Amino acid sequence: MHILTRKKRIQTLLFQILILLLAAAFLFPIAWMLSTALKAPEDIFTPKPELIPDTWQFRNFADAWNAQPFGRFLLNTLIVVGVSTPFAMLSATMVAFGFARINFWGRNALFLLVIGTMVIPWDVTAIPLYIEYNKLGMINTLWPMILPGAFGSAFFIFLARQFIMGVPRDLDEAAEIDGCNRWQIYWKIILPLCRPIVVVIGVFHFVWCWNEFLTPLIFINDQSMYTLPLGINLFKNAFNIEYEKLMAISCLSVLFPATLFYFTQNLILGGISLSGVKK
């Protein structure tokens, strides 16, 4: 018994060491980004790189923020994520409710078709989308970043459907006996129970919109409509890259997603596990 207990402790210790090594590997780029943001320009490229700078240049953050109109870029980004995220959560759960609860002809085939859109490269649809948005007069506006996610994503629909299928149908039948229609069942019964997966969809969509670079790069030409990723890209040019400012503004840009994940991590883990309500 003593030997088995000792063996188990050794295995636990080795497992914890492995976790720490993996965590260090993932956190090192973030630590290096923060270190570079606090360095003077002449200390960034040295024969002996140092993670902890000798002198901390906190003014790099203020200089980086004032170098470009990042207040406007942040506002544009917040508008995109603030408008599209609630619609993404609502539309994905509504479509998933239809696939999970409503029996209609061709339901499975239509669901497979929706899931099949996940394998279509975005590059294939870029030109048709540009033509469509141009005809609608939406070029150089924020609508090309808002509309695609607001009408549902195949991945989010799949997650929500799997979660809803774990909710007992007895709840639907009880609600129907009480006189609820399908919309009331969705809004009053299913949606409150889907809180974990709704949070997962919201956080994932928030992060994707926050970090999206290619879409605004294609559809936006006016600098006043830039989002944060495009604004960060302004630090790079053909002759010089101010790495300390680039890293400083990058550190500031991750504060919103990191804070959001910190306060929702328990709901995210519960939603991803698709535990739901057991039948």
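Residues numbered from 1 in each chain as written. Predicted model: local features only at pLDDT ≥ 70, side-chain atom pairs only at ≥ 80, totals over all residues. Heavy atoms only, no water.

As annotated in an unreviewed UniProt entry, the protein chain carries the name Carbohydrate ABC transporter permease and comes from Paenibacillus oralis. The Subcellular location (unreviewed entry) comment attached to the protein chain in UniProt states, word for word, "Cell membrane". Per UniProt, the protein chain carries the Sequence similarities (unreviewed entry) text "Belongs to the binding-protein-dependent transport system permease family." (UniProt positions renumbered as here; feature names shortened; annotations may be inferred.)

S.K.: Would you mind going over the UniProt feature "transmembrane region" (unreviewed entry) in the protein chain with me for this structure?
M.R.: Per the UniProt annotation, the sites labelled "transmembrane region" (unreviewed entry) are residues 12–34, 73–97, 109–131 and 143–164. For residues 109–131, helix accounts for 78% and strand for 0%, while the C-alpha atoms at its two ends are 30 Å apart. Regarding residues 143–164, the helix share stands at 86% and the strand share at 0%, and the terminal C-alpha atoms are separated by 30 Å. (Helix = DSSP H or I, 4+ residues; strand = E, 2+ residues; numbered from the N terminus.)

S.K.: I keep staring at the domain arrangement of the protein chain and nothing clicks. Help me out?
M.R.: Where interface size is given, it is often the accessible area lost as the parts come together that is meant. Domain boundaries assigned for the protein chain yield domain 1 (6–56) and domain 2 (69–275). Domain 1 and domain 2 are separated by 32 Å when their C-alpha centres are compared. With eight residues of domain 1 at the contact, the number on the domain 2 side is six residues. Each partner contributes to the roughly 610 Å² buried at the junction of domain 1 and domain 2, and carbon and sulfur atoms together form 87% of this total. The tally of links from domain 1 across to domain 2 stands at zero salt bridges. Summed over the shared surface of domain 1 and domain 2, the result is zero residue pairs in polar contact (both at pLDDT 80 or more). Elements that contribute at least two residues to the side of domain 1 that touches domain 2 include exactly α1 (2–37) and α2 (41–44). (Domains from an automatic or database assignment. Contact = heavy atoms within 4.5 Å. Buried area = accessible area lost by both parts, 1.4 Å probe. Salt bridge = Lys/Arg side-chain N within 4 Å of Asp/Glu carboxyl O. Polar contact = N/O pair within 3.5 Å; in protein donor to acceptor, adjacent residues only side chain to side chain.)

S.K.: What is the right way to look at the side chain of T36 in this model?
M.R.: By secondary structure assignment, the location of T36 is in helix α1. Within polar-contact distance, the side chain of T36 engages the backbone oxygen of W32 at 2.9 Å. Ignoring any residue separated from it by four or fewer positions in sequence, one finds T36 in contact with I44, Y243, E244 and M247.

S.K.: Any chance you could explain the packing of aromatic side chains here in plain terms?
M.R.: Geometrically, a pair of aromatic rings is defined through the distance of the ring centres and the angle of the planes. Considering all chains together, one arrives at 21 aromatic pairs under this definition. With centroids separated by 6.0 Å and ring planes inclined at 35°, the aromatic side chains of F73 and Y226 adopt a geometry described as tilted. With F73 in helix α4 (residues 70–101) and Y226 in the loop between α12 (214–219) and α13 (228–233), this pair connects stretches of sequence that are 153 residues apart. For the pair F73 and Y226, a shared accessibility class is recorded, and that class is buried. With a centroid separation of 5.3 Å and 90° between ring planes, the pair formed by Y133 and F219 is classed as edge-to-face. One end of the pair, Y133, is in helix α6 (residues 122–135); the other, F219, is in helix α12, with 86 residues separating them in the sequence. (Phe/Tyr/Trp six-rings, centres within 6.5 Å; stacked < 30°, edge-to-face > 60°. Buried < 20%, exposed > 50% of the residue type's maximum accessible area, 1.4 Å probe, protein only.)

S.K.: Before we go on, may I ask you to explain the side chain of K245 in this structure?
M.R.: Topologically, K245 is positioned in helix α14 (residues 243–253). For K245, a relative accessible area of 17% gives the class buried. When residues no more than four places from it in sequence are discounted, the contact partners of K245 are D63, A64 and F235.

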